[in-house]
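Listed below, chain by chain, are the residues.
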Amino acid sequence: MSSLAEADMLQATPVQLRSLILDYLAHNGYSKTARAFICDSAVRHIGVDGDEVMQPQTASGLGPSTSELMESTLKQAELRKQIRTELRCGRISEATILLDKYFPDVLSLSNPLRFEDTLVPSSNMDFLAPNSVYPSHLVLNLRIQTFVEACRTTPLASPSDCAHDPSSASSTEVPDLIDKQTALLNSAQKLYPLVKVLPSEQDISRYKKELESVIGLLAYPVPEESPVSEYLTQERRDAVAAQIDYAILYHAKRPVISYLELYARYTSTILGILHNSGVKPPSSLIAPPSTAKITPHFKGRQDAQEIYSSFNFQEFVNAS
């Protein structure tokens, strides 16, 4: 590939940038913002009289098929966000119902998947099989989390999106202690058969040890103050929610991270390599603040839009 062709690939067009932003908004569940952005950034057509004319077939700035695909993506993102919220708020049963209804393949134990093909890249989930989207792991992790939530004696300070939880009142009710312990023991016993269907002997051994720790929550009147209180943290809920979200994306054959995050990781890696190699960008490629200017297109919509010289990676490499 020639240097000129490489340089052309590094210069994103407005359409590519718009698609990149839409992908990020849709991936993260910002559906309202995405729809507003689609409308606000639509291609405007000017008639002979100088007035703006919106063409119905492309009013969203997208072709009909592309627009339908984006709407489907946004609806899926809204469902994913709802499931994440349920899990982050400790409402495991509600999340499971939504998964079974809208994404049945995620928890289907009859799904003919190969275990080695169901690993996704992630490093922020602190529990067993964190990078797996294999149904057996997911079902077991959700059942363990259900048991953990049942053991909870002190309400957790939940995220803001859990503020108006209609089920919170019932969670503060104190049932008969003996009945509660009996129910928890029955739930714990039902976890072991799920361990036996795991895809490897190593997983079975590891999960058996984890179940011993999890069931240890029953030995303490206030498990939040016990040595195994880590199972009752918000971080644990968030980790389970992240894994389930990755699993939904995997089964929908969509990237587990947005393209914007992918490009950011790629750029960070390249710059890190260059830094470690002692390569420095020439000062001529870095525009000083004095070159900032107002973009005429944005006058009247915002006070100032600072535009700096774009960084040309190919020129940077050639110059160094």
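Note that the coordinates shown come from a computational prediction; the quantities given were computed from them, not determined experimentally.

Visitor: Where do I start with the overall build of the chain in this structure?
Guide: Scanning the chain from N- to C-terminus turns up 13 helices and two strands. Residue burial in the chain is summarised as follows: out of 320 residues, 34% are buried. A fraction of 66% describes how many contacts in the chain between residues 6 or more apart in sequence connect residues 24 or more apart. Roughly 19,700 Å² of accessible area belongs to the chain as shown, and the carbon and sulfur atoms make up 57% of that amount.

Visitor: Any chance you could explain the pattern of salt bridges here in plain terms?
Guide: Two side chains of opposite charge can pair, provided their charged atoms sit close to one another. All told, the structure shown has eleven salt bridges when counted by the stated rule. In this structure, the salt-bridge partner of Glu78 is Arg35, at a minimum N-O distance of 2.9 Å. Residue Glu78 is found in helix H4 (residues 64-88), and its partner Arg35 is found in helix H3 (residues 31-40); the two are separated by 43 residues along the sequence. Judged by its relative accessible area of 29%, Arg35 falls in the partly exposed class. Across the salt bridge formed by Glu261 and Arg265, the nearest N and O atoms sit 2.7 Å from each other.

Visitor: Any chance you could explain a nonpolar patch on the surface here in plain terms?
Guide: A cluster of nonpolar side chains, Tyr24, Tyr30 and Leu260, forms an exposed patch at the surface whose accessible area comes to about 260 Å². Within the secondary structure layout, Leu260 lies in helix H12 (residues 259-276).

Visitor: Would you mind going over the environment of Leu87 with me for this structure?
Guide: Along the chain, the position of Leu87 falls in helix H4. When residues no more than four places from it in sequence are discounted, the contact partners of Leu87 are Ile92, Ala95, Leu142, Arg237, Val240, Ala241 and Ile244.

Visitor: For this particular structure, what's the right way to read helix H5 (residues 92-102)?
Guide: Residues Ile92, Ala95, Leu98 and Leu99 constitute the buried set of H5. End-on, the buried residues of H5 take up no more than an arc of 125 degrees, which puts them together on one face. In this structure, H5 carries Ile97 and Lys101 as exposed residues pointing more than 90 degrees from its buried face.

Visitor: I tried to follow the packing of helix H6 (residues 135-151) against helix H10 (residues 201-215) on my own but got confused; where do I start?
Guide: Each pair of packed helices can be described by the angle between their axes along with the distance between the axes. The geometry of H6 relative to H10 is characterised by a closest axis approach of 11 Å and an angle of 10 degrees between their N-to-C directions. One way to sum up the angle between H6 and H10 is to call them roughly parallel. For the pair H6 and H10, the contacting residues are His137, Leu140, Asn141, Ile144, Phe147 and Val148 in the first and Asp203, Tyr207, Glu210, Leu211, Val214 and Ile215 in the second. Looking at the contact of H6 with H10 residue by residue, the class counts come to eight nonpolar, two polar and two charged.

Visitor: I'm lost on the packing of aromatic side chains in this one. Help?
Guide: Aromatic ring pairs are defined here through the distance separating the ring centres and the angle between the ring planes. Taken as a whole and assessed by the stated rule, the structure comprises two aromatic pairs. A ring pair is formed by Tyr24 and Tyr30, whose centres lie 6.5 Å apart and whose planes are at 45 degrees; its orientation type is tilted. Owing to a relative accessible area of 38%, Tyr30 belongs among the partly exposed residues under this scheme. For the pair Tyr259 and Tyr263, a centre-to-centre distance of 6.2 Å together with 35 degrees between the ring planes defines the contact as tilted.

Visitor: Would you mind showing me how to read the nonpolar core here?
Guide: One recurring pattern in soluble globular proteins is that nonpolar side chains are buried together. Grouped together as the largest cluster of nonpolar side chains are 42 residues, with contacts concentrated most on Ile83, Leu99 and Ile244. For this core, the secondary structure elements donating two or more residues are H4, H5, H6, helix H8 (177-189), helix H9 (191-196), H10 and helix H11 (234-251). With eight residues, H6 is the largest single contributor of residues to this core. Other than its neighbours up to four places away in sequence, Ile244 contacts Ile83, Leu87, Leu99, Leu138 and Leu142.

Visitor: Would you mind going over the side chain of Ser226 with me for this structure?
Guide: Mapped onto the fold, Ser226 is located in the loop between H10 and H11. There is a polar contact of 2.6 Å between the side chain of Ser226 and the backbone oxygen of Pro223. If near-sequence neighbours (up to four positions away) are discounted, Ser226 is found in contact with Leu217 and Tyr220.

Visitor: Even after reading the chapter, I still don't get the packing of H5 against H6, so can you show me in this structure?
Guide: Contact pair H5 / H6: the axes reach a minimum separation of 10 Å and the direction vectors enclose 155 degrees. If you check the angle between H5 and H6, you find them roughly antiparallel. Of the residues in H6, those in contact with Ile92, Thr96 and Leu99 of H5 are Leu142, Gln145, Thr146 and Glu149. When its residues are assigned to classes, the contact of H5 with H6 shows three nonpolar, three polar and one charged.

Visitor: Sorry, what's going on with the confidence of the model for the chain here?
Guide: The predicted structure's coordinates, where accompanied by low pLDDT, should not be read in detail. Across the chain, pLDDT averages 75, with 66% of residues at or above 70. Put simply, helix H1 (residues 3-9) is where the chain has its lowest mean pLDDT, 42, and H5 is where it has its highest, 96. Across residues 56-61 the pLDDT falls below 50, and counting only partners more than four positions away or on other chains, this stretch makes twelve contacts in the model. Note on residues 166-172: pLDDT is under 50 here. Beyond four places in sequence and across chains, it has one contact.

Visitor: I tried to follow the environment of Gln189 on my own but got confused; where do I start?
Guide: With respect to the secondary-structure elements, Gln189 resides in helix H8. We classify Gln189 as exposed; its relative accessible area is 55%. A C-alpha to C-alpha distance of 9.9 Å links Gln189 and Leu211, two positions 22 residues apart in sequence.

Reading guide: rules and limits
Residues numbered from 1 in each chain as written. Predicted model: local features only at pLDDT ≥ 70, side-chain atom pairs only at ≥ 80, totals over all residues. Heavy atoms only, no water. Helix = DSSP H or I, 4+ residues; strand = E, 2+ residues; numbered from the N terminus. Buried < 20%, exposed > 50% of the residue type's maximum accessible area, 1.4 Å probe, protein only. Contact = heavy atoms within 4.5 Å. Areas by Shrake-Rupley, 256 points an atom, 1.4 Å probe, with all protein chains shown as cover. Salt bridge = Lys/Arg side-chain N within 4 Å of Asp/Glu carboxyl O. Patch = residues over 30% accessible without salt bridge, like charges linked within 9 Å, V, L, I, M, F, W, Y side chains within 5 Å. Arc of directions from axis to C-beta. Axes fitted to C-alpha atoms, helices over the stretch in contact; angles between N-to-C directions. Parallel < 35°, antiparallel > 145°, perpendicular 65-115°, else oblique. Nonpolar A, V, L, I, M, F, W, Y, C, P; charged D, E, K, R; others polar. Phe/Tyr/Trp six-rings, centres within 6.5 Å; stacked < 30°, edge-to-face > 60°. Core = buried A, V, L, I, M, F, W, Y, C linked by side-chain atoms within 4.5 Å. Polar contact = N/O pair within 3.5 Å; in protein donor to acceptor, adjacent residues only side chain to side chain. pLDDT = per-residue confidence, 0-100.

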